Amino acid sequence: MKKRRISFARYLLRGTLAAFLVAGIAMAQGTPQGNSDGGQSGSRNAMRPKFPLTSVRLPKISSDSMGVDFAPYFHASVLPAVRRSWHAAIRQKGIAPPTGRKIVAEFTILKDGAIDGLKLVEGSDDPETDQAALDAITNSAPFDALPAEFKGQSLTLRCRLDVFFPFYANGITPPSVINPRAGAEYSEKARRKHVEGVVVLTLVVSPDGKPTDIQVTRSVGSGLDEKAIEAVKQWRFHPAMKDGNPVEASIAVEVDFHLYK
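Now for a look at the structure at hand. (Residues numbered from 1 in each chain as written. Predicted model: local features only at pLDDT ≥ 70, side-chain atom pairs only at ≥ 80, totals over all residues. Heavy atoms only, no water.)

### Thoughts on the side chain of D130
Piece 1. Take D130: it is sitting in helix α3 (residues 127-140).
Piece 2. Looking at D130, its side chain comes within polar contact range of the side chain of S124, at 2.7 Å.
Piece 3. Not counting residues within four places of it along the chain, the set of residues in contact with D130 comprises I103, L120, G123, S124 and D125. (Helix = DSSP H or I, 4+ residues; strand = E, 2+ residues; numbered from the N terminus. Polar contact = N/O pair within 3.5 Å; in protein donor to acceptor, adjacent residues only side chain to side chain. Contact = heavy atoms within 4.5 Å.)

### So, the pairing of strand β3 (residues 101-110)
Piece 1. β3 sits mainly inside the fold: 8 of its 10 residues count as buried.
Piece 2. Note that β3 and strand β4 (residues 115-122) share 5 bridges and pair antiparallel. For E106, the partnering residue across the bridge sits in β4 and is K119.
Piece 3. The loop that links β3 with its antiparallel partner β4 comprises 4 residues; one of these, G113, has a positive phi angle of about 95°. (Buried < 20%, exposed > 50% of the residue type's maximum accessible area, 1.4 Å probe, protein only. Pairing = 2+ DSSP bridges.)

### Let's talk about the sheet that holds strand β11 (residues 240-242)
Piece 1. In space, the 3 strands of this open sheet follow the order β6-β11-β12, with antiparallel pairing throughout. Looking at the sheet topology across the chains shown, the edges are occupied by β6 (172-173) and β12 (245-247).

### Thoughts on the pattern of salt bridges
Piece 1. For the coordinates displayed, the defined rule picks out 8 salt bridges.
Piece 2. Of the charged contacts in the structure, one is a salt bridge between E106 and K119, with a shortest N-O distance of 3.6 Å. Here K119 lies in strand β4 and E106 lies in strand β3, a separation of 13 residues in the sequence.
Piece 3. Exposure remark for E106: the relative accessible area of 13% places this residue in the buried category. (Salt bridge = Lys/Arg side-chain N within 4 Å of Asp/Glu carboxyl O.)

### Some remarks on the pairing of strand β9 (residues 211-218)
Piece 1. Relative to β9, strand β8 (residues 197-205) runs antiparallel, the two sharing 5 bridges. Looking across to β9, one finds that V200 is bridged to R218.
Piece 2. The turn linking β8 back onto β9 is made up of 5 residues, and G209 within it adopts a positive phi angle of 85°.

### Considerations on the layout of surface pockets
Piece 1. By volume, the largest pocket is sized at about 370 Å³.
Piece 2. The wall of the largest pocket is formed by 20 residues, among which H75, A76, R83, D225 and E226 lie closest to the centre.
Piece 3. Residue assignment for the lining of the largest pocket shows that the elements contributing at least two residues are α2 (71-93), β9 and α5 (224-232).
Piece 4. Here the lining of the largest pocket takes 6 residues from α2, the largest share from any one element.
Piece 5. Counted by class, the lining of the largest pocket contains 9 nonpolar, 6 polar and 5 charged residues. (1 Å grid on protein atoms, 1.4 Å probe; cavity = no way out; pocket = protein on both sides within 12 Å on 5 of 7 lines; lining within 4 Å. Points joined across faces, edges and corners; volume = space filled by probe spheres on them. Nonpolar A, V, L, I, M, F, W, Y, C, P; charged D, E, K, R; others polar.)

### Examining the packing of aromatic side chains
Piece 1. Scanning the model with the defined rule gives 7 aromatic pairs in all.
Piece 2. A ring pair is formed by Y73 and F74, whose centres lie 6.1 Å apart and whose planes are at 55°; its orientation type is tilted.
Piece 3. When its relative accessible area of 8% is taken as the criterion, Y73 is described as buried.
Piece 4. F74 sits in the buried class, given a relative accessible area of 3%.
Piece 5. Consider the rings of F107 and F143, whose centres lie 6.3 Å apart with planes at 35°: the pair is tilted. Taken together, the positions of F107 in strand β3 and F143 in the loop between α3 and β5 (154-164) put the pair 36 residues apart, joining distant regions of the chain. (Phe/Tyr/Trp six-rings, centres within 6.5 Å; stacked < 30°, edge-to-face > 60°.)

Put into structure tokens, the structure is as follows:
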């Protein structure tokens, strides 16, 4: 029995309780992500990340899916590529919006994974940000070929991309984790391939301290993104506070997957 427990523990997340909040405070591990305002050094209410957060939501299909479940295809091919490109585009262009921006784009994935017909459906009122979103999608292609069970020649999608800072003003106390007791376990696929890395999730902490609207910002793949989400769904937080009242707030957390040697 003891041998079995040791074997199992090798593939658990090292530091399973680690939650690195990027909610207007400095990132853990000694890497500051923001600078204080008004000379209030060390005041977490006055700080925000140096770079905004980005997210890409699960695409909505606007053509005939022919009954095929495309979620695995999106998670394996489309979402990781677009998220990486979107995150890189925001940093490279130095986009730092004073308020959150949402962009919705439509495009068609052809049978071989190439894209066609990319267009802006809903803009953010900032041409540079809108163009960055379109460039991110263009630079993500080609994707993997459409699933073999899909007999159509193309699939048209609407994809939402967001960029935002979690906090914009003083007077808000960021959320803090209470009990990240749910350890993120390795997926069998990641364990077989010896995959390691850090999954970054953005989420909204509700006024009752529950995580909602969890999105993958930095993907590791091999099933670890899903394992991170499963674990964080069970975490509970002290909610953000403003004027003594709990309020909804966006944060990011890092889940570090590491195989013990």
